[in-house]
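# Structure assessment
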Amino acid sequence: MQTEQRIIPSAKQLAYQELEFGLFIHFGLRTFYEGYADFDERPMTTAAFNPAGLDCEQWIRTAKEAGMEYAVLTAKHHDGFSNWPSKYSSFTVEASPWRDGQGDVVREFVNACRKYDVKPGLYYSPYDGSADFYTQDAKAYDDYFVNQITELLSGYGDIDILWFDGCGSEDHTYDWPRIIGEIRRMQPNILIFNMGDPDFRWIGNEDGIAPTPCWNVVDSTDFSIYTDKLDDLGEQMWLPAECDVQMRANGSTWFYSDADEHMVKSVDELMGLYYLSVGRGTNLLLNIGPNREGLLPAKDADHLTKLGEEVRRRFGNPIATGSAWVQDGRTWQYKAEASHLIDHVIIEEDLTGGERVRRFTVSIISAKSHRPVTMYEGSNIGHKAIIRIPTVKAAGVIVEVTECDDEPILRSLSVHYAGGDV
């Protein structure tokens with residue numbers, strides 16, 4: 001880690017990290033073709049696209065009730081099908097029977113996000129399997145790229161996230177200065193994922209698991225799940241990480257399938273992924289593929305709702321926060337009026353001036369002997385560290401920063417007892 005000159009986040013990057021939990025929505029023409037995988041060579045026709053019961057409000061209302069603060073919809077996946085009536089392609093919703101060719105999934109999605117105060121994001125695959133000039137004429141494809149992005153970023157109001165998936169683009173060169181210039185001109189506050197001029201990065205796997213430590217400052221990003229190539233940034237940059245993962249444990253598709261309902265992750269497993277992502281300072285983007293009616297499947301929606309309930313149950317009623325903690329140099333201490341059970345300590349670093357904490361410990365003050373006993377030793381804290389420990393009765397808690405760059409600043413500390421099977 002570079003310590004000579006601390007790298008700090010932008011205001012919009014800090015705001016992104018505050019969102020923590022979002023819904024990934026893979027939906028499009030592929031939804032109507034059972035068993036299709038990425039880069040499937042079997043042809044598809046727009047005549048198959050007809051989600052008669054499409055209800056984007058159901059998607060976003062469910063996400064909001066689960067505690068999600070943002071959502072990312074596949075505006076265009078690798079197959080090139082556009083979920084909006086693009087003027088630059090005939091492979092769009094306009095060519096489908098859905099709503100007599102007058103429908104626009106992107107518009108309904110964005111409107112639903114605004115209704116429920118969820119930040120809208122759009123996934124756009126730079127690779128496009130429907131564009132025969134993709135490999136033949138790089139300039140013509142850059143024009144197409146810019147034209148479609150212009151439609152998305154000028155026709156739907158403020159878009160918070162533009163999610164670029166690098167799959168399929170491994171050997172293609174895009175005119176990123178031109179593309180990014182247009183994006184930043186149209187939407188200066190937008191956050192770009194992973195490619196071109198990123199504001200946040202992929203964690204490097206599709207398992208929903210962040211490594212530890214997981215620093216916010218990096219000098220490269222993972223380019224694609226299909227290659228070990230890293231995109232060298234040329235310098236160290238503040239790039240918070242996002243963990244994306246499927247609700248269903250089906251490695252072959254992120255879209256809806258009739259055949260994998262039994263693979264919907266249990267609430268217990270989902271909670272584990274929450275600890276391994278949000279609990280390690282990253283954002284969690286959990287995918288659900290709406291079904292062919294245009295609705296989140298019942299079991300997926302139910303498990304998402306129950307996950308939100310469980311997060312609130314465990315962390316919604318802290319025992320000790322704020323003024324209950326007393327700081328003495330690089331040590332923060334909470335003393336209980338009477339010993340009680342604890343099983344979690346949550347720590348958040350103030351990141352406005354960059355990451356300072358390099359190592360820290362969490363200790364309890366034992367209930368009987370009133371002596372400090374170390375429970376946990378960690379590296380970075382970052383946006384949030386959820387420290388889970390075996391249930392223990394304690395007279396207090398001590399958090400000590402043992403290694404840091406400059407003086408550490410913690411913005412939040414809390415003690416919890418969730419109980420039950422945690």
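Right above here is the structure, for reference.
Note that the coordinates shown come from a computational prediction; the quantities given were computed from them, not determined experimentally. (Residues numbered from 1 in each chain as written. Predicted model: local features only at pLDDT ≥ 70, side-chain atom pairs only at ≥ 80, totals over all residues. Heavy atoms only, no water.)

Moving on, we come to empty space enclosed by the protein. Overall, the coordinates contain five cavities of 30 Å³ or more when judged by the stated rule. Estimated volume of the largest cavity: approximately 90 Å³. Lining the largest cavity are 13 residues, with Arg 248, Trp 254, Phe 255, Asn 287 and Gly 289 positioned closest to its centre. Residues that form the lining of the largest cavity fall into these classes: five nonpolar, five polar and three charged. (1 Å grid on protein atoms, 1.4 Å probe; cavity = no way out; pocket = protein on both sides within 12 Å on 5 of 7 lines; lining within 4 Å. Points joined across faces, edges and corners; volume = space filled by probe spheres on them. Nonpolar A, V, L, I, M, F, W, Y, C, P; charged D, E, K, R; others polar.)

Applying the stated criterion across every chain, the model contains 27 salt bridges. Across the pair Asp 40 and Arg 42 runs a salt bridge, and its minimum N-O distance is 2.7 Å. By relative accessible area, which is 26% here, Asp 40 ends up partly exposed. Between Asp 260 and Arg 248 there is a salt bridge whose closest N-O contact spans 2.5 Å. You can see Asp 260 sitting in the loop between strand E9 (241-246) and helix H6 (267-277) and its partner Arg 248 sitting in the loop between E9 and H6, a full 12 residues away along the chain. Each member of the salt-bridge network shares a partner with another, and the members are Glu 18, Glu 20, Glu 348, Lys 384 and Arg 411. (Salt bridge = Lys/Arg side-chain N within 4 Å of Asp/Glu carboxyl O. Buried < 20%, exposed > 50% of the residue type's maximum accessible area, 1.4 Å probe, protein only. Helix = DSSP H or I, 4+ residues; strand = E, 2+ residues; numbered from the N terminus.)

What follows is about the pairing of strand E4 (residues 161-164). Burial along E4 is two-sided: the face carrying Ile 161 and Trp 163 and the face carrying Leu 162 and Phe 164 are both buried. Relative to E4, strand E3 (residues 119-124) runs parallel, the two being bridged by four bridges. Residue pairing in the sheet places Tyr 123 in a bridge with Trp 163 of E4. As for the winding sense of the linkage, the β-α-β connection from E3 through helix H4 (residues 138-154) to E4 is right-handed. Of the strand pairs in this sheet, E4 and strand E5 (residues 191-193) are connected by three bridges, and their pairing is parallel. Residue pairing in the sheet places Ile 161 in a bridge with Leu 191 of E5. Between the parallel elements E4 and E5, the chain passes through helix H5 (residues 176-186) in a crossover that is right-handed. (Pairing = 2+ DSSP bridges. Right-handed = clockwise from strand over helix to strand, strands pointing away.)

There is a patch of nonpolar side chains on the surface, built from Ile 319, Leu 341 and Tyr 417 and spanning about 240 Å² of accessible area. Positionally, Tyr 417 belongs in the segment after strand E17 (410-416). Judged by relative accessible area, Tyr 417 falls into the partly exposed class, the value being 37%. (Patch = residues over 30% accessible without salt bridge, like charges linked within 9 Å, V, L, I, M, F, W, Y side chains within 5 Å. Areas by Shrake-Rupley, 256 points an atom, 1.4 Å probe, with all protein chains shown as cover.)

Turning our eyes to something else, we now look at the side chain of Ser 89. Summarising the element assignment, Ser 89 is placed in the loop between strand E2 (70-76) and helix H3 (105-115). In this structure Ser 89 comes out as buried when scored by relative accessible area, which is 17%. Separated by 2.9 Å, the side chain of Ser 89 and the backbone nitrogen of Phe 91 make a polar contact. Sequence-distant contacts of Ser 89, that is, excluding residues within four places in its chain, are made with Tyr 144 and Gln 148. (Polar contact = N/O pair within 3.5 Å; in protein donor to acceptor, adjacent residues only side chain to side chain. Contact = heavy atoms within 4.5 Å.)

Taken together, the eight strands give an open sheet; going across it, the order is E5-E4-E3-E2-E1-E10-E9-E6, and neighbouring strands pair in parallel fashion. The open sheet terminates on both sides in strands that have one partner only, identified here as E5 and strand E6 (201-202). Across the face of the sheet, helix H7 (residues 298-315) comes into contact with strand E1 (21-25) and strand E10 (283-288) while running at roughly 155° to E10. (Axes fitted to C-alpha atoms, helices over the stretch in contact; angles between N-to-C directions.)

Below, the discussion takes up the layout of surface pockets. Considering only enclosed or pocket space, the largest pocket measures out at about 380 Å³ in volume. Looking at the largest pocket, it is lined by 22 residues, and the ones nearest its centre are Glu 20, Tyr 274, Val 311, Phe 315 and Lys 384. Within the residue set of the lining of the largest pocket, elements represented by two or more residues are helix H1 (11-19), H7, strand E13 (331-349) and E17. Sort the elements by how many residues they give to the lining of the largest pocket and H7 lands first, with four residues. When the residues that make up the lining of the largest pocket are grouped by side-chain class, the tally is nine nonpolar, seven polar and six charged.

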